[in-house]
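# Coordinate inspection notes
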Amino acid sequence: NEVDQARAILTDLLRKNPADRSSVWAMAIFDLTTGHANAGLALIQDYLKRRGGQAEVDDCLLLARFNRHIGQAGPARDAYRQALAKVTPPAIPVLMEAGEQAMSAKAFADAAALYRQVLTRQKNGDAWGALIEALIRQNQIDEANKEMQTWKASEPWSSRMAFAEVRLLNERGRIADAEL
């Protein structure tokens, strides 16, 4: 059948080049989509073990992303931390992705810290918007408002900025209504 043929193709690809990150990812995702998530996870873990001290940021991201796919927030967070430790300073896209993972795991303080790391290195509307959302989720409305004002003073108006301001205004209105 087709699933067996697909598995055979990926198995042959991995046999020929077991160090190919893309092939490892393809097989792990195939395992996941065919109901064998544990096999996919084991494949990535074995790959990282073989890479040892030579593992790169993108190697660690395989494990982080796979854990996100299977809903394992703690192991995903740990793998993102490993990836972030590989390069100093950490790459901004890795910081952003780790922040997204922290947000989805409801680790809002961790997410805010990651987005702040981005903002210390570059003005980034996505990071500002995400930081404001992380602060709102922690009920730090005054801090979120300060960040909004800093963002507005630093960059031209954008749809991302408008969305963040609407979200902040909505949250402030909800709190004001609750106080009545």
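Reference entry: report on the structure contained in this document.

## Some words on the overall build of the protein
- Along the backbone of the protein there are 10 helices and zero strands.
- Mapped in sequence order, the helices and strands of the protein form the string α-α-α-α-α-α-α-α-α-α.
- Relative to the globule expectation of 16 Å for 180 residues, the C-alpha radius of gyration of the protein, 20 Å, shows a markedly less compact shape.
- Expressed as lengths along the three principal axes of its C-alpha atoms, the size of the protein is roughly 65 × 35 × 25 Å.
- For the protein, the proportion of contacts with a sequence separation of at least 24, taken over those separated by at least 6, is 48%.
- Side-chain charges in the protein split into 23 positive and 23 negative, and the spacing between the mean points of these groups amounts to 3 Å.

## Examining the pattern of salt bridges
- A complete count under the given rule lists 19 salt bridges for this structure.
- In this structure, Arg77 and Asp78 form a salt bridge, with 3.3 Å as the shortest nitrogen-oxygen distance.
- Between Arg167 and Glu133 there is a salt bridge; the shortest N-O distance is 2.9 Å. Remark: Glu133 occurs in helix α8 (residues 125-137) and Arg167 occurs in helix α10 (residues 159-179); sequence separation between them is 34 residues.

## Digging into the nonpolar core
- Counting residues in hydrophobic clusters, the biggest one holds 52 residues, and the most contacted among them are Val24, Ile44, Tyr115, Ile132, Met148 and Trp151.
- The element that contributes the greatest number of residues to this core is α8, accounting for eight residues.
- In this structure Met148 touches Ile132, Met161, Ala164, Glu165 and Leu168, once residues within four positions along its chain are discounted.

Thresholds applied
Here the residue numbering is sequential within each chain, running from 1 through the sequence in written order. A pLDDT threshold of at least 70 governs which residues receive local features in this predicted model, and a stricter bar of 80 or more applies before side-chain atom pairs are shown or counted, although totals over entire chains, interfaces and linings include all residues. As a rule here, side-chain values cover all heavy atoms of the structure and leave hydrogens and water aside. By definition, any uninterrupted DSSP run of H or I lasting at least four residues is a helix, any uninterrupted run of E lasting at least two residues is a strand, and each is numbered from the N terminus. In this setup the radius of gyration rests on C-alpha atoms only. A globule is expected at 2.2 Å times the number of residues raised to 0.38. For this analysis, residues touch if any pair of their heavy atoms sits within 4.5 Å. In this tally, Asp and Glu contribute negative charge and Lys and Arg positive charge; neither His nor the terminal groups of the chain are included. We put the charge of a Lys on NZ, of an Arg on CZ, of an Asp on CG and of a Glu on CD. Each reported salt bridge corresponds to a side-chain nitrogen of Lys or Arg within 4 Å of a carboxyl oxygen of Asp or Glu. Only buried residues count toward a nonpolar core. Its members are Ala, Val, Leu, Ile, Met, Phe, Trp, Tyr and Cys residues joined through side-chain atoms within 4.5 Å. Only protein chains enter the accessibility calculation, which uses a 1.4 Å probe; a residue is then buried when its area is under 20% of its type maximum, exposed when over 50%, and partly exposed in between.

Bear in mind that shape data such as this cannot, by itself, settle questions of function.
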